[in-house]
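The residues making up each chain are set out below.
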Amino acid sequence: PPDIINEESSADIAVQEGEDASLTCRATGNPIPRVTWRREDGDVILIRKPGSREIVKADSYNGTSLKLSRLERRQMGAYFCIASNDVPPAVSKRIVKICENLLCRNSNLVAPSVRAPSQLLGAPLGSDVQLECQVEASPAPVSYWLKGGRMPPNGFTGSTTSLESGQPRPEMLLDG
């Protein structure tokens, strides 16, 4: 019967969005087992076509290596490796959980993702403008707007860098 070789198979990995991930599952048995990948949550596996932006959806993927290019948040999660060769029993193992950095420790955590639908707005002086920013995170993030001043190069507003450089500090807008 088939058996998965732990030492030659992938373990949990931490990957940033946009990076590549390569998952490996090695199995032994006679005849040589087929290896199939599935998502633990039952969702489809999203595979980017090589050299393309196009993503193909598949219920499962066959092969000892599953390559996920330019990972998106929706591709993160746990994957099962299933080895079968028509000699019962087939074996499966939850061998890989893809997540961002330290989020592997708690699957309920989601790093903040910020999106601004309109990144450049123009309006006549004195007219109203509505800015929109969509933030995804778990637990719910504390979001706020900063107006005016210049941000330090590292983006950290808690330092005195802007004051030391003679630039006004941004004003925090608390009402929405």
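- Per an unreviewed UniProt entry, the chain is named Ig-like domain-containing protein, and its organism is Phlebotomus papatasi.
- Quoted verbatim from the Subcellular location (unreviewed entry) field of UniProt, the annotation for the chain is "Cell membrane".

**Digging into the nonpolar core**
Generally speaking, soluble globular proteins have nonpolar side chains that are buried together.
Part 1: Ranked by size, the top nonpolar core spans 17 residues in total, and within it Leu23, Trp37, Leu66, Leu68, Tyr79 and Ile98 carry the most contacts.
Part 2: Mapped by element, the contributors of at least two residues to this core are β3 (21-24), β5 (34-39), β6 (45-48), β9 (65-68) and β10 (77-84).
Part 3: With three residues, β10 is the largest single contributor of residues to this core.

**Quick look at the environment of Thr36**
Part 1: Mapped onto the elements, Thr36 comes out in strand β5.
Part 2: Here Thr36 falls in the buried class, since its relative accessible area comes to 14%.
Part 3: In the structure, Thr36 is positioned 44 residues away from Phe80 in sequence and 8.1 Å away in space, judged by C-alpha atoms.
Part 4: With near-sequence residues (within four places) excluded, Thr36 lies in contact with Ser60, Tyr61, Asn62, Phe80, Cys81 and Ile82.

**Structural notes on a nonpolar patch on the surface**
Part 1: A cluster of nonpolar side chains, contributed by Val142, Tyr144, Leu146, Met172 and Leu174, occupies part of the molecular surface with about 550 Å² of accessible area.
Part 2: Along the chain, the position of Val142 falls in the loop between β13 (134-138) and β14 (145-147).

So, how was this worked out
- Residues numbered from 1 in each chain as written.
- Predicted model: local features only at pLDDT ≥ 70, side-chain atom pairs only at ≥ 80, totals over all residues.
- Heavy atoms only, no water.
- UniProt positions renumbered as here; feature names shortened; annotations may be inferred.
- Core = buried A, V, L, I, M, F, W, Y, C linked by side-chain atoms within 4.5 Å.
- Buried < 20%, exposed > 50% of the residue type's maximum accessible area, 1.4 Å probe, protein only.
- Helix = DSSP H or I, 4+ residues; strand = E, 2+ residues; numbered from the N terminus.
- Contact = heavy atoms within 4.5 Å.
- Patch = residues over 30% accessible without salt bridge, like charges linked within 9 Å, V, L, I, M, F, W, Y side chains within 5 Å.
- Areas by Shrake-Rupley, 256 points an atom, 1.4 Å probe, with all protein chains shown as cover.
- Salt bridge = Lys/Arg side-chain N within 4 Å of Asp/Glu carboxyl O.

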